[in-house]
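Residues per chain, in single letters:
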Amino acid sequence: MEPFAKFKNVQKSYDGVSLVVKDFNLDVAPGEFVTLLGPSGSGKTTCLMMMAGFETPTHGQILLKNEPITRLPPHKRGIGMVFQNYALFPHMSVAENLSFPLEVRGFDKAEIAKKVDKALGMVQLQGFEGRRPAQLSGGQQQRVALARALVFEPELVLMDEPLGALDKNLREEMQLEIKRIHEELNVAMIYVTHDQGEALTMSDRIAVFNDGVVQQLATPDELYERPENAFVASFVGENNRFGGEVAQMKDGQCQVRLSDGSVVEATPVAVNDAGQSSTLSIRPERVVINPDNGALPNIFDAEVKDVIYLGDHLRTRVSVCGNDEFVVKTPNSIDKQSLKRGQKIRVGWSHTDCRALDA
Amino acid sequence: MTENSMSKAGQGLTTANGVPLKVSLMRTNRRNQIRAFLLVAPLLVFLVVAFIMPILDMLQRSVDNPEVGTQLSRTVAALEDWDGESIPDEPVFDALTQDLLAGAEARNLGQVASRLNYESSGMRSLIMKTSRRAGRIESGPYKAAILDIDEDWGELETWRLIERESDPYTLSYYLAALDMKYDSNGEIVSQPEYLKIYQQLFVRTFWMSIAITGLCLLLGYPIAFLLANTPLRYSNLLMILVLLPFWTSLLVRTTTWIAILQQQGVLNDIFVGLGIIADDSRLSMIYNKTGTLVAMTHILLPFMILPLYSVMKTIPPYYMRAARSLGAQPFLAFRRVYFPLTIPGIGAGSILVFILAIGYYITPALVGGQDGIFITNFIAFHMQTSLNWGLAAAIASILLFVVIAFYLVYNRLIGVDNVKLG
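Rules behind the numbers
Residues numbered from 1 in each chain as written. Chains lettered and ligands numbered in written order. Predicted model: local features only at pLDDT ≥ 70, side-chain atom pairs only at ≥ 80, totals over all residues. Heavy atoms only, no water. Helix = DSSP H or I, 4+ residues; strand = E, 2+ residues; numbered from the N terminus. Buried < 20%, exposed > 50% of the residue type's maximum accessible area, 1.4 Å probe, protein only. Contact = heavy atoms within 4.5 Å. Areas by Shrake-Rupley, 256 points an atom, 1.4 Å probe, with all protein chains shown as cover. Lys, Arg positive; Asp, Glu negative; His and termini not counted. Charge placed at Lys NZ, Arg CZ, Asp CG, Glu CD. Phe/Tyr/Trp six-rings, centres within 6.5 Å; stacked < 30°, edge-to-face > 60°. Lys NZ or Arg CZ within 6 Å of the ring centre and 35° of its normal. Disulfide = S-S within 2.5 Å. Domains from an automatic or database assignment. Pairing = 2+ DSSP bridges. Axes fitted to C-alpha atoms, helices over the stretch in contact; angles between N-to-C directions. Buried area = accessible area lost by both parts, 1.4 Å probe. Salt bridge = Lys/Arg side-chain N within 4 Å of Asp/Glu carboxyl O. Patch = residues over 30% accessible without salt bridge, like charges linked within 9 Å, V, L, I, M, F, W, Y side chains within 5 Å. pLDDT = per-residue confidence, 0-100.

**Student:** Which residues make up the overall build of chain B, and what values do they have?
**Tutor:** When helices and strands are tallied, chain B shows 20 helices and 2 strands. Taken over the C-alpha atoms alone, chain B extends approximately 95 × 95 × 35 Å along its principal axes. By residue count, 39% of the 422 residues in chain B fall in the buried class. Look at the contacts in chain B between residues 6 or more apart in sequence, and 68% of them connect residues 24 or more apart. Entry remark: accessible area of chain B is about 23600 Å², with carbon and sulfur atoms responsible for 63%. Counting 32 positive and 33 negative side-chain charges, chain B places the centres of these two groups 24 Å from one another.

**Student:** Any details on the side chain of Q255 of chain A? Residues and values, ideally.
**Tutor:** All names here are of chain A. Its location among the elements puts Q255 in strand β12 (residues 253-258). What makes Q255 buried here is its relative accessible area of 17%. Excluding residues within four positions of it along the chain, Q255 makes contact with E245, V246, A247, Q248, K250, V263, V264 and E265.

**Student:** Provide a residue-level description of the packing of aromatic side chains, including the pertinent values.
**Tutor:** For the structure on display, the rule yields 25 aromatic pairs over all chains. Residues F242 of chain A and W349 of chain A carry aromatic rings whose centres are separated by 6.1 Å and whose planes lie at 20° to one another, so their mutual orientation is stacked. Remark: W349 of chain A occurs in strand β19 (residues 344-349) and F242 of chain A occurs in strand β11 (residues 240-250); sequence separation between them is 107 residues. For F242 of chain A, a relative accessible area of 5% gives the class buried. By relative accessible area, W349 of chain A is classed as buried at 0%. A ring pair is formed by F334 of chain B and F339 of chain B, whose centres lie 6.3 Å apart and whose planes are at 50°; its orientation type is tilted. For F339 of chain B, a relative accessible area of 33% translates into the label partly exposed. Taking NZ or CZ as reference, R283 of chain A lies 4.1 Å from the ring centre of Y224 of chain A, over its face.

**Student:** Any chance you could break down the state of the cysteines for me, citing the residues and the numbers?
**Tutor:** A covalent bond between the sulfur atoms of two cysteines is referred to as a disulfide. All names here are of chain A. According to the stated counting rule, one finds 0 disulfides over all chains in the structure shown. Here C321 stays unpaired: no disulfide links it, and the sulfur of C354, its closest cysteine neighbor, is 9.9 Å away. Exposure remark for C321: the relative accessible area of 11% places this residue in the buried category.

**Student:** Lay out the environment of L136 of chain A in plain terms, naming residues and giving numbers.
**Tutor:** Tracing the backbone shows L136 of chain A in the loop between α3 (109-122) and α4 (138-150). Along the primary structure L136 of chain A and V94 of chain A are separated by 42 residues, whereas in three dimensions their C-alpha atoms are 9.4 Å apart.

**Student:** Talk me through the domain arrangement of chain B; I want residue IDs and the actual numbers.
**Tutor:** One frequently used descriptor of interface size is the decrease in accessible area upon assembly of the parts. Looking at chain B, the domain boundaries give domain 1 (67-167) and domain 2 (198-418). Relative placement of domain 1 of chain B and domain 2 of chain B: their C-alpha centres are 52 Å apart.

**Student:** Could you give me a rundown of the sheet that holds β11 of chain A, with the residues and numbers involved?
**Tutor:** Strand pairing in a sheet relies on backbone hydrogen bonds, with the paired strands running either antiparallel or parallel. Residues and elements named next belong to chain A. Strand order in the closed barrel made by the 5 strands is β11-β12-β13-β20-β14, with mixed pairing throughout. Between one strand axis and the next, the sheet turns by 50° as a mean value, whatever way the strands run. Where β11 meets strand β14 (residues 277-282), 6 bridges bridge the pair, whose relative direction is antiparallel. Across the sheet, residue R241 finds its bridge partner in β14, namely S281.

**Student:** Explain the sheet that holds strand β5 (residues 67-68) of chain A to me, using residue names and the numbers behind them.
**Tutor:** Residues and elements named next belong to chain A. The strand order across the open sheet built from 4 strands is β2-β1-β4-β5, with neighbouring strands paired in antiparallel fashion. The sheet is open, and its two borders are formed by β2 (21-28) and β5, each paired with just one other strand. Bridging between strand β4 (residues 59-64) and β5 involves 2 bridges; their strand directions are antiparallel. Within β5, the position partnered with L64 by the bridge is E67. Against the sheet, helix α1 (residues 44-52) contacts β1 (5-12), β2 and β4, and its axis sits at roughly 120° relative to β1.

**Student:** I'd like a description of helix α19 (residues 375-384) of chain B, backed by residues and values.
**Tutor:** Residues and elements named next belong to chain B. The element α19 is largely enclosed, with a buried count of 7 among its 10 residues. Of all the positions in α19, only I375, T376, N377, F378, I379, A380 and H382 are classed as buried. Contact partners of the buried residues in α19: α11 (198-229), α17 (330-358), α18 (362-367) and α20 (389-413).

**Student:** Any chance you could break down the pairing of β11 of chain A for me, citing the residues and the numbers?
**Tutor:** All names here are of chain A. In the sheet, β11 pairs with β12 via 6 bridges, with the strands oriented antiparallel. The partner of M249 across the bridge, within β12, is C254. The antiparallel pairing of β11 with β12 creates a hairpin that spans 2 residues between the two strands, and D251 there sits at a positive phi of about 50°.

**Student:** An account of the interface of chain B and chain A is needed here, citing residue identities and associated values.
**Tutor:** In this assembly, 17 residues from chain B lie in contact with 23 residues from chain A. Here chain B and chain A share an interface that buries about 1900 Å² over both sides, 68% of which is from carbon and sulfur atoms. Of all residues in chain B, the largest losses of buried area upon contact with chain A belong to R321, L326 and R336 of chain B, amounting jointly to 37% of the total for that side. Linking chain B with chain A are 2 salt bridges, by the criterion used here.

**Student:** Tell me about the pattern of salt bridges, and name the residues and values.
**Tutor:** Residue and element names in this part refer to chain A. According to the stated counting rule, one finds 36 salt bridges over all chains in the structure shown. The partner of E32 in a salt bridge is R205, and the shortest N-O contact between them spans 2.5 Å. Taken together, the positions of E32 in the loop between β2 and β3 (33-37) and R205 in strand β9 (residues 205-210) put the pair 173 residues apart, joining distant regions of the chain. In this structure, D306 and R317 form a salt bridge, with 3.1 Å as the shortest nitrogen-oxygen distance. Of the two residues, D306 is situated in strand β16 (residues 298-309) and R317 in strand β17 (residues 313-320); the sequence distance between them amounts to 11 residues. Connected via shared salt-bridge partners are R143, E173, E177, R180 and E184.

**Student:** With reference to specific residues and values, describe a nonpolar patch on the surface.
**Tutor:** Residues and elements named next belong to chain B. Nonpolar side chains collect at one region of the surface, where L43, V45, F46, L47, V48, V49, F51, I52, M53 and L56 lie side by side and expose about 950 Å² of accessible area between them. Turning to its location among the elements, L43 is positioned in helix α2 (residues 21-61). The class for L43 is exposed, based on a relative accessible area of 53%.

**Student:** Any chance you could break down the confidence of the model for chain B for me, citing the residues and the numbers?
**Tutor:** All names here are of chain B. Of all residues in chain B, 96% attain a pLDDT of 70 or more, and the chain-wide mean is 88. For chain B, the element scoring lowest by mean pLDDT is helix α1 (residues 3-11), at 48; α11 scores highest, at 94. Within the model, pLDDT remains below 50 along residues 1-9, and this stretch shows 1 contact once partners closer than five positions in the same chain are excluded. Reported for the predicted complex are a pTM of 0.80 and an ipTM of 0.82.

If you want it as structure tokens, here you go:
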């Protein structure tokens, strides 16, 4: 599909010495929900600000509907934006906040009233027109900010960690709300967050940022199931890691020798030759406790370090192959095995769940 | 549990040593209140002694009128039955003679003479002359003898004046401060044009103060904006430049303007040197309104910048960004979003500068000349030179009422709660 918004070889430096964003490329399809995910300082917000027009790229181009907009001032871009602190104008009522983008676009009064009403209906805030932002709760302010960014019907909406200030329950509610609105309106959204759970819940595609570089750009399941490097594996979801050296490659599989001498069967992702050092990544929920002999290619003796009860699942920390921080997640099912600290067990995992990534 | 039983349980609560909880709580609260009061007590005492009492004293002086009532007490008593339409009879002249003789003895006739002279010039010399010669009158009838000393005692106006000013309180200082007076019939009338000074001075003081406030706002707003929006290391330097005038004596700053603005001063020399004006038509920029405007704007500018700065500092940059992302051009975003948010600062700065300007004294006195002096300079004149403290108090009181009126209007429009000074 023809890209709707496009970053092309974008670089950004603030001081002329170091690059905050190094060669960023991204195509956003119409109606797509793309999340820029990364730790703070990774350059994701800078990319968003360049799209909004508040920062100019040092190098490269930004295109909107195939038009370069790199030199276009923010108010001419017609992009909706939701800010981290909502940025609702405190001296205006909810209705005035929502009318603002329509007034500056010269809509007439009747039309403004209609659109404002529709936008408030979309975020379920009818009846709040006369309130000031300070009289609203955090979640309500968030909804108003969302409605304000959508009221002038932009084709692209940018969101800069919009849910960061909300508590956990409200955040989850708003995630679904934003997702629903996105599907209803079919606008393209670029969403910045450092919360990987949020990114996985909401996005069509996720770009994982680190150090100014996109580490992986993929759909949520792809990202979680098949991380391409050690950073993505550790940043998206929990994972157990082993450092080792590739001993042998064969039939699309590899054997990795760990520091304590044990050999693990794994799927090569970022390694292609024996002798390379590698990081193995195994998701905690893919580890089986006390598997049947021979059922899995990797079965090792382990010792239980502690068990944490988390209601719907149990986190068991074990010591295996010289790693004391190895975590096993098991669902809290009827036939769960009760484990105790110091108990000797065996743990196993499939070679397909064990990915040999870069060191 | 029902509400009734709960309240019963609440009444029964006691502390560990058996004191009812309510009593114990009140004791603790009272102790805290007393401590808080003691902390503010020194300031409170200072305010009462150095601020409230002087103001009350000033207000009292502006209407206080004891001279005639006490020093001409016999005359005033004798005038009680007077019809006001003809020259009083012998008993009044008798009383007047005794008052004058007693006053001459006590050497305090000067006060009443001055007091009456404020109302009608010539009264001072009339009283002093009559009291000097009254000693020579050996016996009555006094009416003929006094009329013989000065025929002004045969004027109805003289007697009406004495009768009118015998009240312990008078409005005549306020009337004088507003270029008005009582005529001989006791009606309030305007002073003749050639005697009017205060009305014009009040008007000038207000207009100039408003102009100075406007200039300060015009010059201060961009500076405050810059201060609030530049990185810290530059804004600190800027802030020092803003505060620098505070570290220099007011007198030095004012006289510097004399050096710059006078006809043989720096600015005129530059203009002449550049050929902008001819040597014989040097601009007069000092000892007139221009001088007062320039010097006072310079002196009061920090009082505008600081409240503005403190308000702008609290306006985060993302409001402007939000406005622009919503489609507003920079100027529109400023007008609709940034400017309304700075109104509390504008209000605070303006009222501060205006109130300071309206009561400013040194600078207009030094650079104002004839044309640029303020009403305050006349307050000082009456305090120090003419010694008419009653009139000085009346002018100052009017100034105080005007400021209070401005404050109330301001409170109505913007609300004092919205003022932010820092």
